[in-house]
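# Analysis of the macromolecular model
In case you want the letters, here they are:
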Amino acid sequence: MKKFDVAALGELLIDFTENGVSGQGNPVYEANPGGAPCNVLAMLNKAGRKTAFIGKVGKDIFGKRLKAVLDEVGIDTSNLVMDEEIRTTLAFVESLPDGDRDFSFYRNPGADMMLKEEELQEGIIRDTRMFHFGTLSMTHEEVRRATRRAVEAAKESGALISFDPNLRPPLWKSLADAKEQAAYGFSQCHILKISDNEIQWFTGEEDFDAGVRKLQEQYHIPLILLSMGRDGSRAYYRDLWVEAAPFLQEATIETTGAGDTFGACCLHYVLEYGLENLDRDKLAGMLAFANAAASIVTTRKGALRVMPEMDEVENFVKNR
């Protein structure tokens, strides 16, 4: 038995999200703890999973608050490094009229991109059933080396590898570089969570099924999870193709963290049933539960601290 169900490496930052206007008519931003890997871990904690985070924040007011939040929600912070010199990364999130989002990052440099290979606690990585990562920890050479070493250690220990490209174009020197690092993630993972626009970008295929086939043929990924926003989600597993409708709500205020919530719920199902023992019914149940949890998160500001309880999601599915 391993100590952790899921360990994740990557960015931990402050998402400044819009929250009305001031009396002078200026936009007001709320400082929400964020970062895709920790959003995933926070939802997994709600599912009763033991999780650990590997990353770096600044030893500043934001970094200290972020560590306190991870401790509060039950994510192990033994390998959260506090940088004495580099500040915590900040992101300002603007909600667009079509429901999409625009990000402005303050990260040149930011602490999350300064994690070094020698700062990894490999004991944590080797003591987890599943290792999760994305591409934001591969935008710069030093943290890229740390990420690749962590993936190697996880695979050596027999862990399942989960990957979410989580493309953020402003953070890359070029999209060609982003595509190269995404390809590395595809080549390493057993479970891929990818969005509709990301699969179109990477494969050049407008048709999602054609794009998934390209990835399957080239990288032989056992389970591909496709999130399609307002159009629901799909799972591709061996020769199975399963689609689930979304849970649309009038109360939706923003979509930050929805994809992370969806992905976390799917990882919970894989931990529960095993990657070798999925069938059509399990996949359908997984997608319905994951879509419902993501829908609930869209009615709340932020993500990391407001993940839904399991019984809340189950009741939401039953009553729709």
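Everything below is about the structure shown above.
Residues numbered from 1 in each chain as written. Predicted model: local features only at pLDDT ≥ 70, side-chain atom pairs only at ≥ 80, totals over all residues. Heavy atoms only, no water.

### As for unusual backbone geometry
Formally: Starting at the N terminus, helices and strands are each numbered in turn, a helix being any DSSP run of H or I of at least four residues and a strand any DSSP run of E of at least two.
Here the bond from Asn108 into Pro109 is cis, since omega is 0°, no more than 30 degrees from zero. Mapped onto the elements, Pro109 comes out in the loop between strand E7 (101-106) and helix H3 (122-126). Non-glycine residue His220 carries a positive phi angle of around 55°. By secondary structure assignment, the location of His220 is in the loop between helix H7 (208-219) and strand E11 (223-227).

### Description of helix H9 (residues 280-297)
Stated precisely, the cut-off is as follows: Expected span of a helix, by definition, is 1.5 Å for each gap between consecutive residues, and there is one gap fewer than residues. Contacts are assigned to residue pairs that have any heavy atoms within 4.5 Å of one another. Side-chain atoms alone can form a polar contact between residues adjacent in sequence; in general such a contact is a pair of N or O atoms within 3.5 Å, and within protein one must be able to donate a hydrogen while the other accepts it.
For H9, built from 18 residues, the straight-helix expectation of 26 Å at 1.5 Å per residue is met to within 8% by its first-to-last C-alpha distance of 26 Å. For H9, the elements touching its buried residues are E11, strand E12 (233-237), strand E13 (240-244), helix H8 (258-273) and helix H10 (310-318). Two to three positions downstream of the cap, the backbone nitrogen of Asp281 sits 3.2 Å from a side-chain oxygen, assigning the N-cap of H9 to Asp279.

### So, helix H4 (residues 141-156)
Taking 1.5 Å of rise per residue, 16 residues should cover 22 Å, and H4 covers 22 Å from first to last C-alpha, within 8% of that figure. The secondary structure elements touched by the buried residues of H4 are strand E1 (4-9), H3, strand E8 (128-134), strand E9 (160-164) and helix H5 (175-188). With its phi angle positive at about 90°, Gly158 sits one or two positions after the end of H4.

### Let's talk about the nonpolar core
What counts is decided by this rule: The set of buried Ala, Val, Leu, Ile, Met, Phe, Trp, Tyr and Cys residues whose side-chain atoms join them within 4.5 Å is what this entry labels a nonpolar core. The buried label goes to any residue with under 20% of its type's maximum accessible area, the exposed label to any with over 50%, and the partly exposed label to all in between, with areas taken from a 1.4 Å probe on protein chains only.
In this structure, Leu12, Leu223 and Leu283 are the most contacted members of the largest nonpolar core, which totals 58 residues. Here the element with the most residues in this core is H9; it accounts for 10 residues. Residues Ala7, Ala150, Ala154 and Ile161 belong to the second largest nonpolar core, which totals 40 residues.

### Examining the pattern of salt bridges
To be explicit about the condition: For salt bridges, the criterion is a side-chain nitrogen of Lys or Arg within 4 Å of an Asp or Glu carboxyl oxygen.
This structure, assessed with the given rule, holds 25 salt bridges. The partner of Lys214 in a salt bridge is Glu205, and the shortest N-O contact between them spans 3.3 Å. Its relative accessible area of 38% is what places Lys214 among the partly exposed residues. For Glu205, a relative accessible area of 26% translates into the label partly exposed. Residue Glu276 pairs with Arg238 through a salt bridge whose shortest N-O separation is 2.5 Å. Here Glu276 is found in the loop between H8 and H9, whereas its partner Arg238 is found in the loop between E12 and E13, with 38 residues between them in sequence. For Glu276, a relative accessible area of 54% translates into the label exposed. Through salt bridges that share partners, Glu122, Arg126, Arg149, Glu152 and Glu156 make up one connected network.

### Brief notes about the sheet that holds strand E3 (residues 27-34)
Going by this rule: Strand pairing follows a simple DSSP-based rule, namely that at least 2 bridges must link the two strands. Every axis corresponds to a line fitted to the C-alpha atoms, with the helix fit spanning only the stretch in contact, and the corresponding angles, defined between N-to-C directions, vary from 0 to 180 degrees.
Read from one edge to the other, the open sheet built from four strands follows the order E3-E2-E6-E7, with strand pairing classed as mixed. This sheet does not close on itself; its edge strands, each paired only once, are E3 and E7. The mean angle between the axes of side-by-side strands here comes to 30°, regardless of whether they run parallel or antiparallel. When strand E2 (residues 13-21) meets strand E6 (residues 90-95), the two strands line up parallel, connected through four bridges. Considered in E6, the bridge of Thr17 is made with Val93. Helix H2 (residues 61-73) contacts E2, E3 and E6 of the sheet and is inclined by roughly 95° relative to E2.

Purely geometric stuff here, so don't read any function into it on its own.
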